[in-house]
Amino acid sequence: MRFFKSIFFWIVVAFFAGCALGVYNPSLAVSMEPLGTNFIKLIKAFIAPIVFLTVATGIAQTGSLKKLGAIGLKAFIYFEVVSTIALLFGWSAAVIIKPGAMIQSSVENLDAHAVSHYLEHAEKLTIVDFLQNLVPSSMVEPFIKGDLLQVLVLAILFGVALLALGESRSKHLVEQIDKITQCFFQIIKMVMYVAPFGVFGAMAYSIGKYGTHLLVPLLGLMATFYITGILFVIIVLGLIARLAGFSILRFLKYFLPELTLVLGTSSSEAALPHLLRKLQILGCERETVGVVVPMGYSFNLDGTNIYIALAALFIAQALGIELTLTDQIALFATAMLSSKGAAGITGSGFITLAATLSVVSTIPVVGIVLILGIDRFMSAARSLINYIGNGVASLVISRWQNEISAKQLNERMSF
């Protein structure tokens, strides 16, 4: 009886109800879009303040800038290694399965106007722009835009300032900030009661707008992506988790309600506050969670990396373009760089793909038209893998920092 009263149960019900409405009454389903978009907007309104307060107080309570630097360095090294493996997984799946070979198309048949919006954003996606975007124009701008990387920069500066003031002078302020943080988490807890409506609206809109007919001709690509993502989570993240002393299956079970929410809304940010809270419940220290998770949302996009490599080669295969080893290496290297520039951009996976192809001229960038119709469905898997990857990364870094033992971690995941 308790299970049927849980938010998780109603999110699952809403997920399938939204799918059903999209199939049987598409016009009505499309009108449900505000339920999904407004729920995500409501969650996002509190993400930036929560990240800022969590990081700032976490740094202030560490008592050591050396520890903060160690966390950041370890996280960055981890992100680069795992992101590279994710790209290799996507590339391998495309080379072995060749999902694009089943589609015969040509550049002349593609409508560039359909993706003009994405091409405009892709042209601005450079490393220089990314570096310039690190520093906000004002104190409030990152909170208005929801740019987590800029929020992280401000939070680190504020936290370091609190640390420099000394415990005696900053103690009272830190305590008050901590109380405000708990208040924000309580707000998120209340907002979650309407999560089923958000999931229902998002799924109804997706199915009603894009329809199931688009899934059939491109089912090979979708199946390849989902299977590759599952294998990446079980094999790569599973091995990493095992080395860190915990089970990936137990991790997935512990975060199952959040994963369902991410899948239903196609947004990993929708469950970000719960990721921060649950990681701390498991024993991760606040400064570790506060630094690793926001950094991960910019540098540790495992699902996006798998998608870029797989989708790029899919387009080449569909258009009958033979890529040399040099072309593939150039594509791989470009994807590694362009994915970093996508931080803070809505729909970053598709835009990053466009940016990558615009640099690697061997594959015409207009080829993204081929997968535009199903990108919404693939976005859900991208978000899911990104979310799992950042959760695992935080636990690994915490174990690396000796913040919690493997025994304690597994015991707390069991509840």
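Up top is the structure.
This is a predicted model, so every value here is computed, not measured.

Trainee: Sorry if this is basic, but what is going on with a nonpolar patch on the surface here?
Mentor: A grouping of Leu35, Leu42, Met190, Tyr193, Val194 and Phe197 is seen on the molecular surface, where their side chains present a nonpolar patch of about 580 Å² in accessible area. Its place among the elements puts methionine 190 in helix α9 (residues 167-191). Judged by relative accessible area, methionine 190 falls into the partly exposed class, the value being 49%.

Trainee: Got a minute to help me understand the nonpolar core in this structure?
Mentor: Nonpolar side chains tend to gather and get buried jointly when the protein is soluble and globular. Counting 123 residues, the largest nonpolar core has Tyr78, Phe251 and Leu353 as the members making the most contacts within it. Among the elements that line this core, the one with the most residues is helix α3 (residues 33-62), at 13 residues. Every residue in contact with phenylalanine 251, bar those within four places of it in the chain, is listed here: Phe246, Ile388, Gly391, Val392, Leu395 and Met413.

Trainee: Help me understand empty space enclosed by the protein, please; the structure alone is not making it clear to me.
Mentor: The gaps left among the atoms become clear once a water-sized probe is rolled over them. In the structure shown here, the tally under the stated rule is 1 cavity of 30 Å³ or more. Approximately 60 Å³ is the volume found for the largest cavity. What lines the largest cavity is Leu87, Trp91, Ile308, Ala309, Leu313, Gln328, Leu331, Phe332, Ala335 and Thr356. Considering each element in turn, the lining of the largest cavity owes the most residues, 4 residues, to helix α17 (residues 325-338). Its residues assigned to classes, the lining of the largest cavity shows 8 nonpolar, 2 polar and no charged.

Conventions used here
- Residues numbered from 1 in each chain as written.
- Predicted model: local features only at pLDDT ≥ 70, side-chain atom pairs only at ≥ 80, totals over all residues.
- Heavy atoms only, no water.
- Patch = residues over 30% accessible without salt bridge, like charges linked within 9 Å, V, L, I, M, F, W, Y side chains within 5 Å.
- Areas by Shrake-Rupley, 256 points an atom, 1.4 Å probe, with all protein chains shown as cover.
- Salt bridge = Lys/Arg side-chain N within 4 Å of Asp/Glu carboxyl O.
- Helix = DSSP H or I, 4+ residues; strand = E, 2+ residues; numbered from the N terminus.
- Buried < 20%, exposed > 50% of the residue type's maximum accessible area, 1.4 Å probe, protein only.
- Core = buried A, V, L, I, M, F, W, Y, C linked by side-chain atoms within 4.5 Å.
- Contact = heavy atoms within 4.5 Å.
- 1 Å grid on protein atoms, 1.4 Å probe; cavity = no way out; pocket = protein on both sides within 12 Å on 5 of 7 lines; lining within 4 Å.
- Points joined across faces, edges and corners; volume = space filled by probe spheres on them.
- Nonpolar A, V, L, I, M, F, W, Y, C, P; charged D, E, K, R; others polar.

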